[in-house]
Amino acid sequence: MTGYDYIDHLPTDFTSAGLRADVRSGLLIDPKSLPPKWFYDKTGSALFEEITRLPEYYPTRAERAILEHSATEILARSGARTVVELGSGSSEKTRLLLNALPTDDAAYVALDVSETALRQACESVAADYPALRVTAVRADFEHQLSAVLGSGSRSDEGSTAEGSPAQNALGGRPPAGTRSVAGIPGAGVPVAGAPAVGGRMLAFLGGTIGNLAPEQRRRFLAEVRAGLGAGDSFLLGADLVKSPTVLVPAYDDAAGVTAAFNLNVLEVLNRQLAADFNREDFEHVAVWDPDEAWIEMRLRAVRPVRVWIADLDVEVKLTAGEEIRTEISAKFTHDRLRAEFAAAGFSPAGWWTDSEDRFSLSLWMPV
Ligand code: SAH
Ligand code: AVI
């Protein structure tokens, strides 16, 4: 097998219409906010990779340490032959899971909104794992999971050894009433990457679940649950509650990389919506909210600011000191995850932490 398959599930107007809607609902009201998915243009994805190498940003190193120690056990417990990764980014740590997959008839499906991150990651994974079927799926895991995952079918149900043309991108059955092989009505994209046998392990690494607000998270887990069937499993990487003396520097590093990552969203708005944000008008803020158990990243106006967003024909006004919330990064306890997963219809199948209990990997089965 050489190369990888690329399937773009995002609507063609994802950036224009989606960003417009988020700007209208987030910046034209008070308090102001933007969803974090708009961070990840080419520059934002590269800045995130830089963050993962910062001395203060422990989550990536801690999660990698767990995988180095336990990937084989995790894969064995899941019984999976297909790893489907949501928000895959560079897919770097994922290689530790891929190393533990059977060497014959196994597959990796990377799903992300960032085309550059997806293409770079899948090209490199496909080159280094020539026997693996690699598929890159560009999609929004918040809104397109059911279409991409199918509804609770096992990857070997209803398919032939060659793979059924009725399968969707991730090896599940497309939702009833859809005719496209990719599970998206009318998309007409050829299916590749899903093996004919074996369960799927959906992996959501890096602590990205913490970037969803509680209600979004509840909906997300419900959709994951609906998309998984017998033999499938869900592997979650979640950051754990700890002292703000560790947490805050992880989101406000001395070198200013996280500040650059945060401010870059203004460049995305300038480019995509012909806005005239000046990044000098804003400063990066990271605060720990102990009641919500999350870090909040904000952009604070350092003076009164008026921004013209030409594509929306609107002006956004901020007073000096006013903030735009750009991200939450929730931190968890084992008990809280157990309660949320039980409520969503999962049973626990494994819990691993690094030697300093900073970060967790947990495996969940649909009940
Ligand atoms: N899993 C990697 C990357 C984490 S960064 C790691 O652990 O290092 C978060 C990734 O999720 C980015 O690559 C970003 O593009 C992607 N992402 C953010 N919101 C998304 C969404 N709604 N749908 C799909 N991908 C998303
Ligand atoms: C992708 N996500 C889990 C990161 C986090 O830690 O919440 C994004 C990030 N934001 C600032 N630094 C890293």
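Cut-offs applied
- Residues numbered from 1 in each chain as written.
- Chains lettered and ligands numbered in written order.
- Predicted model: local features only at pLDDT ≥ 70, side-chain atom pairs only at ≥ 80, totals over all residues.
- Heavy atoms only, no water.
- Near = heavy atom within 4 Å.
- Polar contact = N/O pair within 3.5 Å; in protein donor to acceptor, adjacent residues only side chain to side chain.
- Areas by Shrake-Rupley, 256 points an atom, 1.4 Å probe, with all protein chains shown as cover.
- Helix = DSSP H or I, 4+ residues; strand = E, 2+ residues; numbered from the N terminus.
- Nonpolar A, V, L, I, M, F, W, Y, C, P; charged D, E, K, R; others polar.

(A) Inspection of the site of ligand 2 at higher detail. Around ligand 2, the structure places 14 residues, and the nearest of them are Tyr57, Asn211, Tyr251, Glu327 and Ser329. Contacts to ligand 2 include Asn211, whose side-chain N or O atom sits 2.9 Å from a nitrogen atom. Contact with the protein chains removes 97% of the 340 Å² of surface that ligand 2 exposes when unbound. Broken down by secondary-structure element, the contributors of at least two residues to the shell around ligand 2 are helix H2 (42-52), helix H9 (257-273) and strand E12 (323-330). For the shell around ligand 2, the per-class residue count stands at seven nonpolar, six polar and one charged.

(B) Structural context of the site of ligand 1. Taken together, 17 residues surround ligand 1, and among them Gly87, Lys93, Asp112, Asp140 and Phe141 come closest. The side chain of Lys93 places a nitrogen or oxygen atom 2.6 Å from an oxygen atom of ligand 1. Between ligand 1 and Val113 there is a distance of 3.3 Å, counted from a nitrogen atom to a backbone nitrogen or oxygen. Starting from 570 Å² of accessible surface for ligand 1 in isolation, the protein chains cover 95%. Among the residues forming the shell around ligand 1, the class breakdown is six nonpolar, six polar and five charged.

(C) Looking closely at unusual backbone geometry. Pro31 follows Asp30 through a cis peptide bond whose omega is -10°. Mapped onto the secondary structure, Pro31 falls in the loop between helix H1 (14-27) and strand E2 (32-33). One non-glycine residue with positive phi stands out, namely Asp105, at about 50°. Even without glycine at this site, Ala274 takes up a positive phi of about 50°. Considering the arrangement of structural elements, one finds Ala274 in the loop between H9 and strand E8 (282-289).

No statement about biological role is implied by the geometric values presented.
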